[in-house]
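Coordinate analysis (summary)
One letter stands for each residue in the lines below.
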Amino acid sequence: MKLDSAPLDISGISKTETELELKDSTDFNLTPAIAQPVQAVVADSPQKQQSVVVVFGTTFVTIFLAEIGDKTQLSTLLMSAQSHSPWVVFIGSAAALITTSLLGVLLGSWIANRLSPKTIEKSAGVMLLVISLMLFWDIFQG
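Please read all numbers here as calculations on a predicted model, not as lab measurements. (Residues numbered from 1 in each chain as written. Predicted model: local features only at pLDDT ≥ 70, side-chain atom pairs only at ≥ 80, totals over all residues. Heavy atoms only, no water.)

This brings us to the overall build of the protein. Across its full length, the protein carries seven helices and zero strands. Going residue by residue from the N terminus, the α and β elements of the protein occur as α-α-α-α-α-α-α. Within the protein, the fraction of its 142 residues that count as buried is 1%. (Helix = DSSP H or I, 4+ residues; strand = E, 2+ residues; numbered from the N terminus. Buried < 20%, exposed > 50% of the residue type's maximum accessible area, 1.4 Å probe, protein only.)

Moving on, we come to the packing of helix 5 (residues 71-83) against helix 6 (residues 86-114). The geometry of helix 5 relative to helix 6 is characterised by a closest axis approach of 8 Å and an angle of 150 degrees between their N-to-C directions. Relative to helix 6, the element helix 5 is oriented roughly antiparallel. Crossing angle aside, the handedness with which helix 5 passes helix 6 is right-handed. Of the residues in helix 6, those in contact with Thr 76, Met 79, Ser 80 and Ser 83 of helix 5 are Pro 86, Val 89 and Ser 93. In the contact of helix 5 with helix 6, the residues fall into three nonpolar, four polar and no charged. (Axes fitted to C-alpha atoms, helices over the stretch in contact; angles between N-to-C directions. Parallel < 35°, antiparallel > 145°, perpendicular 65-115°, else oblique. Left-handed = near helix turned anticlockwise from the far one by under 90°. Contact = heavy atoms within 4.5 Å. Nonpolar A, V, L, I, M, F, W, Y, C, P; charged D, E, K, R; others polar.)

So, on to a nonpolar patch on the surface. Taken together, the side chains of Phe 56, Phe 60, Val 61, Phe 64, Leu 65 and Ile 68 present a nonpolar region at the surface, about 660 Å² in accessible area. Tracing the chain through its elements places Val 61 in helix 4 (residues 52-67). (Patch = residues over 30% accessible without salt bridge, like charges linked within 9 Å, V, L, I, M, F, W, Y side chains within 5 Å. Areas by Shrake-Rupley, 256 points an atom, 1.4 Å probe, with all protein chains shown as cover. Salt bridge = Lys/Arg side-chain N within 4 Å of Asp/Glu carboxyl O.)

In an α-helix, one full turn covers 3.6 residues, which means residues spaced three or four apart are oriented alike. Helix length check: helix 4 (16 residues) gives 22 Å between terminal C-alpha atoms against 22 Å at 1.5 Å per residue, within 8%. Gly 69 lies just past helix 4 and shows a positive phi near 75 degrees. (Expected span 1.5 Å × (residues − 1).)

For the protein, per-residue confidence averages 77 on the pLDDT scale, and 66% of positions sit at 70 or higher. Counting contacts from residues 22-28, a segment whose pLDDT is below 50, to residues more than four positions away or on other chains yields one contact. For the stretch residues 30-45, pLDDT sits under 50, and the model shows zero contacts to residues farther than four places along the chain or on other chains. (pLDDT = per-residue confidence, 0-100.)

All right, on to the packing of aromatic side chains then. Summed over the entire model, instances satisfying the criterion amount to three aromatic pairs. Ring centres 5.8 Å apart and planes at 15 degrees place the aromatic pair Phe 60 and Phe 64 in the stacked group. In this pair, Phe 60 and Phe 64 both sit in helix 4, four residues apart, roughly one turn of the helix. Phe 60 sits in the partly exposed class, given a relative accessible area of 49%. (Phe/Tyr/Trp six-rings, centres within 6.5 Å; stacked < 30°, edge-to-face > 60°.)

A positive phi angle, near 60 degrees, is found at His 84, a position not held by glycine. Judged by its relative accessible area of 66%, His 84 is exposed.

Attention now goes to the environment of Ile 120. Relative to the assigned elements, Ile 120 resides in helix 7 (residues 117-141). When the C-alpha positions of Ile 120 and Gly 108 are compared, they lie 9.6 Å apart, and in sequence the two are twelve residues distant. Aside from chain neighbours lying at most four places away, what touches Ile 120 is Ile 111, Ala 112 and Leu 115.

Set out below in structure tokens:
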């Protein structure tokens, strides 16, 4: 029965016609052709692989922007000015950054094999919250 139709006594529709219409409207028979694309879309969405260029670009931009004006950059600047050997300082700081990045990647892959992504996200959030609280505590104490 349609919601915008007139009442039974005015419209002239018999009770059996109304029952058939209601039965047809509540009969949900999904065919595999309709259900299959929905399952494929849901299954493919979380597992979508990003291209190497996108991952590299995102990582480069994120680290580059995070390091601008960082204490590491300022330390490198001061060491270069003090030592008068900018290329030696560059090689030393680049090697140190590569080593710390390698440790981060290895530790991250080791953790990813043992914990779920949701647990890692929650742990990172809690750690950042604790660090923020510790920084605020230092500000209020000093």
